[in-house]
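# Close look at the chain arrangement
Listed here are the chains, written in short residue letters.
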Amino acid sequence: MNINIIIQQVINFLQLGSIYALCALSFTMVYGVARLVNFAHGSIFGVSMYVLFFASTFLFERIKSPWFVYVIVLIIASVVTSLIALLLESAAYKPLKNAPKIAVVVSSVGAGMAIQYLILNLAGSKALRMPALIPNLRIELAGIPVPLYKIMVIVIAILTMVILNVIIKGTRLGVAMRAVSQDRIAAGFMGIDTGRVVSASFVFGAVIASVAASLYGTAYSIFAYDVGEGIIWWSFIAAVLGGIGSISGAVLGGYIIGAISIIAPILLPVSSYKDIVAFAVLIIVLLVKPTGLMGKKDIEKI
Amino acid sequence: MNNSKRSGEPILKVDNLQVSYGKIAAVRGISFEVYRGEIVALLGANGAGKTTTLNALTGVIPIKDGTITFNGKRIRNLATNKITEMGMVHVPEGRHIFPDLTVGENLRIAAYLYEGKDRNLFLERRESVFALFPTLKERINQQGGTLSGGEQQMLAIGRALITGCEMLLLDEPSMGLAPMLVKEILSTVEKIAKNGQTILLVEQNAMMAMDIATYSYVLETGKIVYEGTSDSIKSQDKIVKVYLG
Ligand SMILES: Nc1ncnc2c1ncn2[C@@H]1O[C@H](COP(=O)(O)OP(=O)(O)O)[C@@H](O)[C@H]1O
Ligand SMILES: [Mg+2]
């Protein structure tokens, strides 16, 4: 292997890891704040992909500036998925406030399937190709040509994580989220509107999922109505690996899954063995530390 | 101790409060009043319905029937945060401090409703909390979860005071504490009342609670079976023996 290939693979790892990290992060938000395992989240990601596809196809025919289009379609996708996430919260979760946890899981799986089949009915089963949301210039890194979009995927993902961290550590809403995450009842006694904070976590999840979808579409372009299924699956594994509900854990888990997905196919004879490796890592981590790498015993999750 | 304050408009008036868990009636139509500046004790054995009553007052659990009037306003089934905003704050059984936040952060969250507008008010209130509980100042950078039981109780009370409430609901502040510490906490509660807070104090530790409360209600299986000034209750051996032993 020469240095050129190694650099390419490191960039591929950072790209895939960043996307998994964002996906896991978007999935873990709701759990961290509200202790809800939101399996409908994959469908939110799927909706994002379709909104990004249709909106960008429409706008690229009319607007010349690609970055402008990217920002606009990202905002549109974020708004649409936030509204769906809020709808989901009030239709699939709020009515089950006092129901057993398993009912909520079943409800979220069902809601996710309903959204996925709605996508299938509206947009068809044909695979689509996402327009190039991020302009693809080639730049040279130490003499090695690197497609700019890969770097931008990594940069945008990391920027999103940094912004999220600033919001959670430094803003009033972030403080409220941490309080609700640690003790919802006590947060109410402090005057925090806990219902609104939980809703906010659904919106955060949807917006981060939209950013992740825009990066996924940029990196891998081809997708179909069931794109969310694989994503939610790997997000869940990454989040559990890092410690479900923990933001830093989701990021770590995302990059570990990304690393396995890149390294395993190089070392193993069959590329799909990477899934087995990922599961093996997950099982070993959970055996050694049942709360996941960064998870604590049901306290501070975000 | 006298009961001269028990007249006029009560700050809290509870009328025929009923709360059920499914089919089980935990609070079965109780009525009581708390007047401004008083310490009122709600006494009773384990399972009598004391915690349920406080949870119903602050919207933690839904109410089946009855009216609750705080400061002249009906608050039945308002959300917990709204009740805090109105000035009645619950210090729950088991303290419920934020375990992974430091003492300082726990106190700061209590200023959630106003800190953005008036940071000095927060600092002022925090100083008065430190005056009551100097230990909290020493431990300001320590994580809440690492405090001892007594310190956690101080933090929980201090946090409630920083919200700027008019009335505190204290659920078994003495639970799990050594007798010396119980005395200390209860005498601080008395001090807090002298500073102008109104206090509804829930205790199993009846004799100690009546030492600081002016008026007491005795709860048994969801009903008020006796009420009176603490002195009058203490003088009745039968009540003390049957309900408060
Ligand atoms: N979450 C609950 N679900 C069902 N029953 C409960 C619940 N909480 C309390 N109870 C019952 O309600 C009654 C009153 O309990 P509680 O208010 O906790 O009493 P106290 O605080 O006076 O010890 C008890 O019989 C208790 O078993
Ligand atoms: Mg109790």
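Heads up: the structure comes first, above all this text.
No experiment lies behind these values; they were computed from the predicted model shown.

### Considering the overall build of chain B
For chain B, the helix and strand inventory stands at 10 helices and 10 strands. Since a compact globule built from 245 residues should have a radius of gyration of about 18 Å, the 17 Å found for chain B is in line with a globular shape. Seen along its three principal axes, the alpha-carbon backbone of chain B occupies a region of about 50 × 40 × 35 Å. In chain B, the proportion of contacts linking residues at least 24 apart, taken out of those at least 6 apart, comes to 67%. Between the averaged position of the 28 positive side-chain charges in chain B and that of its 26 negative side-chain charges there is a distance of 3 Å.

### Section: the layout of surface pockets
In this approach the atoms are scanned with a rolling probe the size of a water molecule, which exposes any empty space left behind. Of the voids in this model, the largest pocket is the one considered here, and its volume is about 1,300 Å³. What lines the largest pocket is a set of 38 residues, and nearest its centre among them are K97(A), N98(A), R184(A), T194(A) and V60(B). Element by element, the count of residues in the lining of the largest pocket is highest for helix α8 (residues 194–220) of chain A, at four residues. Here the lining of the largest pocket is composed, by residue class, of 19 nonpolar, 10 polar and nine charged.

### Some thoughts on the side chain of S210(A)
Residue and element names in this part refer to chain A. Take S210: it is sitting in helix α8. A polar side-chain atom of S210 sits 2.7 Å from a polar atom in the side chain of S48. Once residues within four sequence positions are removed from consideration, S210 is found in contact with S48, L52, L74, A77, S78 and T81.

### Some points on the sheet that holds strand β2 (residues 24–34) of chain B
All names here are of chain B. Ordered by their spatial adjacency, four strands build an open sheet running β2-β1-β4-β5, and the pairing between neighbours is antiparallel. Single-partner strands in this sheet number two, and they are β2 and β5 (73–74). Across eight bridges, the pairing between strand β1 (residues 12–21) and β2 is antiparallel. Each bridged residue has a counterpart across the sheet, and for Y21 the counterpart in β2 is I24. Lying on the sheet, helix α1 (residues 50–57) is in contact with β1, β2 and β4 (65–70); it crosses β1 at an angle near 110 degrees.

### Focus: the coordination of the magnesium ion (ligand 2)
The reference angle at a metal is 109.5 degrees if four donors form a tetrahedron and 90 or 180 degrees if six donors form an octahedron. Residues and elements named next belong to chain B. With distances of 2.0 to 2.1 Å, the protein atoms coordinating the magnesium ion (ligand 2) are T51 (OG1) and E93 (OE). With T51 in helix α1 and E93 in the loop between β6 (88–91) and α3 (103–109), this residue pair connects regions lying 42 residues apart in the sequence. Residue classification places E93 among the partly exposed positions, given a relative accessible area of 32%.

### Concerning the environment of S232(B)
As for its placement among the helices and strands, S232(B) is situated in helix α9 (residues 230–234). Through-space distance from the C-alpha of S232(B) to that of Y215(B) is 9.2 Å; in sequence the pair is 17 residues apart.

### Concerning the site of ligand 1
Residues and elements named next belong to chain B. By nearness alone, every residue bordering ligand 1 is listed as Y21, A26, A45, N46, G47, A48, G49, K50, T51 and T52. G49 places a main-chain nitrogen or oxygen 3.0 Å from an oxygen atom of ligand 1. The side chain of T52 places a nitrogen or oxygen atom 2.5 Å from an oxygen atom of ligand 1. In the complex, 59% of the free accessible area of ligand 1, which totals 560 Å², lies under the protein chains. No other element matches α1, which puts three residues into the shell around ligand 1. Residue composition of the shell around ligand 1, grouped by class: four nonpolar, five polar and one charged.

Analysis parameters
Residues numbered from 1 in each chain as written. Chains lettered and ligands numbered in written order. Predicted model: local features only at pLDDT ≥ 70, side-chain atom pairs only at ≥ 80, totals over all residues. Heavy atoms only, no water. Helix = DSSP H or I, 4+ residues; strand = E, 2+ residues; numbered from the N terminus. Rg over C-alpha atoms; globule rule 2.2 N^0.38 Å. Contact = heavy atoms within 4.5 Å. Lys, Arg positive; Asp, Glu negative; His and termini not counted. Charge placed at Lys NZ, Arg CZ, Asp CG, Glu CD. 1 Å grid on protein atoms, 1.4 Å probe; cavity = no way out; pocket = protein on both sides within 12 Å on 5 of 7 lines; lining within 4 Å. Points joined across faces, edges and corners; volume = space filled by probe spheres on them. Nonpolar A, V, L, I, M, F, W, Y, C, P; charged D, E, K, R; others polar. Polar contact = N/O pair within 3.5 Å; in protein donor to acceptor, adjacent residues only side chain to side chain. Pairing = 2+ DSSP bridges. Axes fitted to C-alpha atoms, helices over the stretch in contact; angles between N-to-C directions. Donors = N, O, S within 2.8 Å, 3.2 Å for Na, K, Ca; no water. Buried < 20%, exposed > 50% of the residue type's maximum accessible area, 1.4 Å probe, protein only. Near = heavy atom within 4 Å. Areas by Shrake-Rupley, 256 points an atom, 1.4 Å probe, with all protein chains shown as cover.

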